[in-house]
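Below, each chain spelled out in residue letters.
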Amino acid sequence: MIEVKNLTKHYGSNRAIDNLTFSAGSESTGNIIGFLGPNGAGKSTTIRILTCFQPADSGVASVAGYNVFSQSMDVRRRIGYLPESAPLYGEMRAREYLHFRGKLHRMAKPDRDAAVKRVTERCWLGDFIDRPIGQLSKGMRQRVGLADALLHDPPVIFLDEPTIGLDPVQIRETRKLIRNLGDHHVVFLSSHILHEVEQICTHVIVVAGGRILASGAPAELSERISAGSRLIAEIKGDSESIVSAVKSLSGVENVDCERLDGWNRLAIESNGAGDIREDVFKLVSDKGWSLREMRREVASLEDFFIKITAEQSTAR
Amino acid sequence: MNTVLTLTKRELTAQFFSPIAYVVLVVFLVLSGIIFGMESFKPGEEASARTVFAVVPYILVLVAPLLTMRLLSDEFRTGTIETLMTAPVNEAELILGKFLGSLLFFVVMLAGTLLYPLIMSLYGSIDVGLALSSYIGLLLVGGLFIAVGLFFSACTQNQIIAAICTLAVLAVFTFLGDWLASNQEGTLRVVLQHLSIRAHYEVFIRGLIDSNHVVFFVTSTALFLFFGVKVLEFRRWR
Ligand SMILES: Nc1ncnc2c1ncn2[C@@H]1O[C@H](COP(=O)(O)OP(=O)(O)OP(=O)(O)O)[C@@H](O)[C@H]1O
Ligand SMILES: [Mg+2]
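So, how was this worked out
Residues numbered from 1 in each chain as written. Chains lettered and ligands numbered in written order. Predicted model: local features only at pLDDT ≥ 70, side-chain atom pairs only at ≥ 80, totals over all residues. Heavy atoms only, no water. Helix = DSSP H or I, 4+ residues; strand = E, 2+ residues; numbered from the N terminus. Rg over C-alpha atoms; globule rule 2.2 N^0.38 Å. Contact = heavy atoms within 4.5 Å. Buried area = accessible area lost by both parts, 1.4 Å probe. Polar contact = N/O pair within 3.5 Å; in protein donor to acceptor, adjacent residues only side chain to side chain. Donors = N, O, S within 2.8 Å, 3.2 Å for Na, K, Ca; no water. Buried < 20%, exposed > 50% of the residue type's maximum accessible area, 1.4 Å probe, protein only. Domains from an automatic or database assignment. Axes fitted to C-alpha atoms, helices over the stretch in contact; angles between N-to-C directions. Parallel < 35°, antiparallel > 145°, perpendicular 65-115°, else oblique. Nonpolar A, V, L, I, M, F, W, Y, C, P; charged D, E, K, R; others polar. Near = heavy atom within 4 Å. Areas by Shrake-Rupley, 256 points an atom, 1.4 Å probe, with all protein chains shown as cover. 1 Å grid on protein atoms, 1.4 Å probe; cavity = no way out; pocket = protein on both sides within 12 Å on 5 of 7 lines; lining within 4 Å. Points joined across faces, edges and corners; volume = space filled by probe spheres on them. Core = buried A, V, L, I, M, F, W, Y, C linked by side-chain atoms within 4.5 Å. Arc of directions from axis to C-beta. Patch = residues over 30% accessible without salt bridge, like charges linked within 9 Å, V, L, I, M, F, W, Y side chains within 5 Å. Salt bridge = Lys/Arg side-chain N within 4 Å of Asp/Glu carboxyl O. Phe/Tyr/Trp six-rings, centres within 6.5 Å; stacked < 30°, edge-to-face > 60°. Lys NZ or Arg CZ within 6 Å of the ring centre and 35° of its normal. Pairing = 2+ DSSP bridges.

In this section: the overall build of chain B. Scanning chain B from N- to C-terminus turns up 12 helices and 0 strands. Listing the helices and strands of chain B from first to last along the sequence gives α-α-α-α-α-α-α-α-α-α-α-α. Taken against the 2.2 N^0.38 rule, which gives 18 Å for 238 residues, the C-alpha radius of gyration of chain B at 19 Å falls within 12% of a compact globule. Counting only C-alpha atoms, chain B reaches 60 × 45 × 30 Å along its principal axes.

Between chain B and chain A, the contact holds 25 residues from the first and 27 residues from the second. Summing the contributions of chain B and of chain A, the shared interface buries around 2500 Å²; its carbon and sulfur component is 59%. For the chain B face of the interface with chain A, the top three residues by lost area are Glu82(B), Thr86(B) and Pro88(B), together amounting to 27%. Seen at the junction of chain B and chain A, the total is 9 residue pairs in polar contact (both at pLDDT 80 or more). Put simply, the parts of the chain that give the side of chain B that touches chain A at least two residues each are helix H1 (2-17), helix H4 (70-78) and helix H5 (80-84) of chain B. With 7 residues, the single largest contributor to the side of chain B that touches chain A is H1(B).

Let us look at the coordination of the magnesium ion (ligand 2). Residue and element names in this part refer to chain A. Coordination of the magnesium ion (ligand 2) by the protein is provided by Ser-44 (OG), Glu-84 (OE) and Glu-84 (OE), with metal-donor distances spanning 1.9 to 2.7 Å. Of the two residues, Ser-44 sits in helix H1 (residues 43-50) while Glu-84 sits in the loop between strand S6 (79-82) and helix H3 (94-104), which places them 40 residues apart along the sequence. Residue Ser-44 is classed as buried on the basis of its relative accessible area of 14%. Taking the relative accessible area as the measure of exposure, Glu-84 reaches 34% and is therefore partly exposed.

Turning next to the domain arrangement of chain A. Interface size, as often reported, equals the accessible area lost upon joining of the parts. Annotation of chain A at the domain level lists domain 1 (2-224) and domain 2 (229-297). Taking only C-alpha atoms, the centre of domain 1 of chain A and the centre of domain 2 of chain A are 46 Å apart.

All names here are of chain A. Positionally, Ser-239 belongs in helix H9 (residues 239-247). Polar side-chain contacts of Ser-239 include one of 3.3 Å to the side chain of Arg-259. Each residue touching Ser-239, except ones within four places of it in the same chain, is listed here: Cys-257, Arg-259 and Asn-264.

Right, let's talk about the packing of H4(B) against helix H6 (residues 91-113) of chain B for a bit. Residue and element names in this part refer to chain B. Where H4 meets H6, the axes come as close as 11 Å, and the angle between the chain directions of the two elements is 130°. The angle between H4 and H6 places the two elements in the oblique class. Packed against H4, whose contacting residues are Leu-71, Leu-72 and Glu-75, the element H6 presents Leu-94, Ile-95, Lys-98 and Ser-102 at the interface. In terms of residue class, the contact of H4 with H6 is built from 4 nonpolar, 1 polar and 2 charged.

Residues and elements named next belong to chain A. Looking at ligand 1, there are 14 residues lining it, with Gly-40, Lys-43, Ser-44, Thr-45 and Glu-84 nearest. Taken by itself ligand 1 offers 630 Å² of open surface, and the protein chains cover 64% of this. Only strand S2 (14-24) and H1 provide two or more residues apiece to the shell around ligand 1. At 3 residues, H1 tops the list of elements feeding residues into the shell around ligand 1. Classifying every residue of the shell around ligand 1 by side-chain character gives 4 nonpolar, 7 polar and 3 charged.

All names here are of chain B. Within this structure, the stated rule accounts for 8 cavities of 30 Å³ or more. Reported here for the largest cavity is a volume of approximately 110 Å³. Lining the largest cavity are 13 residues, with Val-52, Phe-53, Thr-113, Tyr-116 and Tyr-135 positioned closest to its centre. Listed by contribution, the elements that provide at least two residues to the lining of the largest cavity are helix H2 (19-40), helix H3 (49-68), helix H7 (115-123) and helix H8 (128-155). Broken down by element, the lining of the largest cavity gets its largest block of residues, 4 residues, from H3. A per-class count over the lining of the largest cavity returns 11 nonpolar, 2 polar and no charged.

This next bit is on the nonpolar core. One finds Leu60(B) and Met109(B) to be the most contacted residues of the largest nonpolar core, which totals 104 residues. Looking at which element gives the most residues to this core, the answer is H8(B), with 13 residues. In this structure, Ile2(A), Val4(A), Leu20(A) and Ala41(A) belong to the second largest nonpolar core, which totals 28 residues.

Residues and elements named next belong to chain A. Among the residues of H9, those classed as buried are Ser-239, Ile-242, Val-243, Ala-245 and Val-246. Relative to the axis of H9, the buried residues are bounded by an arc of 165° and lie together on one face. Considering only its buried residues, H9 is in contact with strand S11 (230-236), strand S12 (252-260), strand S13 (263-270) and helix H10 (277-287).

Our focus in this paragraph is a nonpolar patch on the surface. All names here are of chain B. A surface patch of nonpolar side chains, about 640 Å² in accessible area, is lined by Val-172, Phe-173, Phe-175, Leu-176, Trp-179, Leu-180, Val-191 and Leu-195. Elements represented by at least two residues in the nonpolar patch include exactly helix H9 (159-182) and helix H10 (186-195). For the nonpolar patch, the leading source of residues is H9, giving 6 residues. For Val-172, the location among the structural elements is in helix H9. The exposure class assigned to Val-172 is partly exposed, which follows from its relative accessible area of 31%.

Evaluated as defined, the whole model comprises 15 aromatic pairs over all chains. Taking the centre distance of 5.1 Å and the plane angle of 45° together, the rings of Phe35(A) and Phe188(A) count as tilted. Of the two residues, Phe35(A) sits in strand S3 (residues 32-36) while Phe188(A) sits in strand S8 (residues 186-191), which places them 153 residues apart along the sequence. Geometrically, the ring pair formed by Phe151(B) and Phe224(B) is edge-to-face, given 6.0 Å between the ring centres and 65° between the ring planes. On the criterion of sequence distance, the pair formed by Phe151(B) in helix H8 and Phe224(B) in helix H12 (residues 211-236) is long-range, its members being 73 residues apart. The residues Phe151(B) and Phe224(B) share a single accessibility class, namely buried. Members of the aromatic cluster, connected to one another through ring pairs, are Phe151(B), Phe152(B), Phe224(B), Phe226(B) and Phe227(B). Positioned above the aromatic ring of Tyr11(A) is the side chain of Lys9(A), whose terminal nitrogen or guanidinium carbon lies 5.4 Å from the ring centre.

Residue and element names in this part refer to chain A. Here we have 4 strands laid out as an open sheet, ordered S12-S13-S11-S14, and antiparallel in their pairing. What marks the edges here is a single partner per strand, and that holds for S12 and strand S14 (290-297). Strand-to-strand twist of the sheet, defined as the mean angle between neighbouring strand axes without regard to direction, takes the value 20°. Note that S11 and S13 share 7 bridges and pair antiparallel. Bridging across to S13, Arg-230 finds its partner in Glu-269. Running over the sheet, H9 touches S11, S12 and S13 and is turned about 160° from S12. Strands S11, S13 and S14 of the sheet are contacted by H10, whose axis makes an angle of about 170° with S14.

Shown next, in the form of structure tokens:
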């Protein structure tokens, strides 16, 4: 449903996205694709290109089988889009707005009535559908924008940070809604909330600095990441000798040491070949040090995210 | 065409919801009313609508920029342009819809001034043909002014900048053009005279509907609308 090849876009001399290539919404990726990345990663820029709002500098992209540059109207008829800030016309009532949008999609009156009713239920607009949009709260407006994206029942739906500004109950409901949308639509959503993407997406693409850093099913990604999990141990004694002794254990690649009220908090990175917990314990008891805590820190997508973000900023 | 009508309707409604549009409406009616009062009943002179009509474009130079400044600037500022241009709407339809919506609002404004010829008809006979050609002239001037304003509104997301640029251009072509022309010689003088909106409009308030002058207004309006479309297209590439 979404095919992207060597997509590049500059703003002046600033490269917002750099040679992106991916394909999504097929059998292998499932229908709910998460586009994950830190601020400024190029998520909104990519979505704007795929929704035909902006052209890219180079590369090819197609959505629902149509080229976003040369067949833009065909693409636009088949997509729903909720931009990051959910922009709406403040002077219109929510119902009027949805009808206006329906007309732009050339829906006849009976279809529009039915569609407005449907999205009102799906996006819980019942309480404020007849109030002017300018008087609605941020979260309510977000829901009106979401309703607009679903109105004409498009095969592909782009949501730029769909749960931003919602309360916890609404976040949960929206995630449930998105998961249900996956049955009949391809949903492409951006987010920098990791557990959100982990929870609702069937496929995750991680971007930073305009480049794809990793992609795969959420579980697959977590697995790949947790291979390099760390051991945290708090040991009392002379820190230099502790660090050098731990470093000399087989399988240990790196040790970070932090002093906390007389204790040394070690973060031990191993190559993942075997469990080193026993070795650490033996070492401590042989040397006569004290051990107050030892636990394995299973790396989450979160750690991966923070790590790649840090790598990105040092690489620049 | 349906899309244009949908956009036209939304624009007209938006004008009626905008406080600025009401201010413009009231200022326009009050100013033209004052001029009507001053000019039409000068002691010793015959009541004439012509002087009133002659001044209305000057009022429009001041109020048209206020009417047009938010048309597209606001869509850019609030980001609604993003939902519009990702729906099946092209640039030309958007410009045309905005233009027609504002033009209809202007027609409503003009309808308010119908009161003056009506009052005059109470005091004497009124030349219906003259009034008609004057109104057609005003409609053409208004259309051109709106097209200019729409063009500048497409150029920036700042309403104030859009309004000031519109005001400057309208002022130059409405009154400064004549003044500049009078200081020039030869071809430049002819060109400037030909571009003077006042000169073209004057024909209408003398009771003539001359196709040459109609063509001037229609083509210049179309030209600015076309530029507006091009600016919108260009802005997507940035
Ligand atoms: N209209 C613009 N003009 C100039 N530069 C822009 C524009 N929009 C985005 N950029 C730049 O492009 C890069 C990518 O921005 P983008 O908005 O795509 O990031 P994002 O991943 O959506 O970030 P966020 O999580 O903050 O929404 C950034 O460096 C940003 O400064
Ligand atoms: Mg963004």
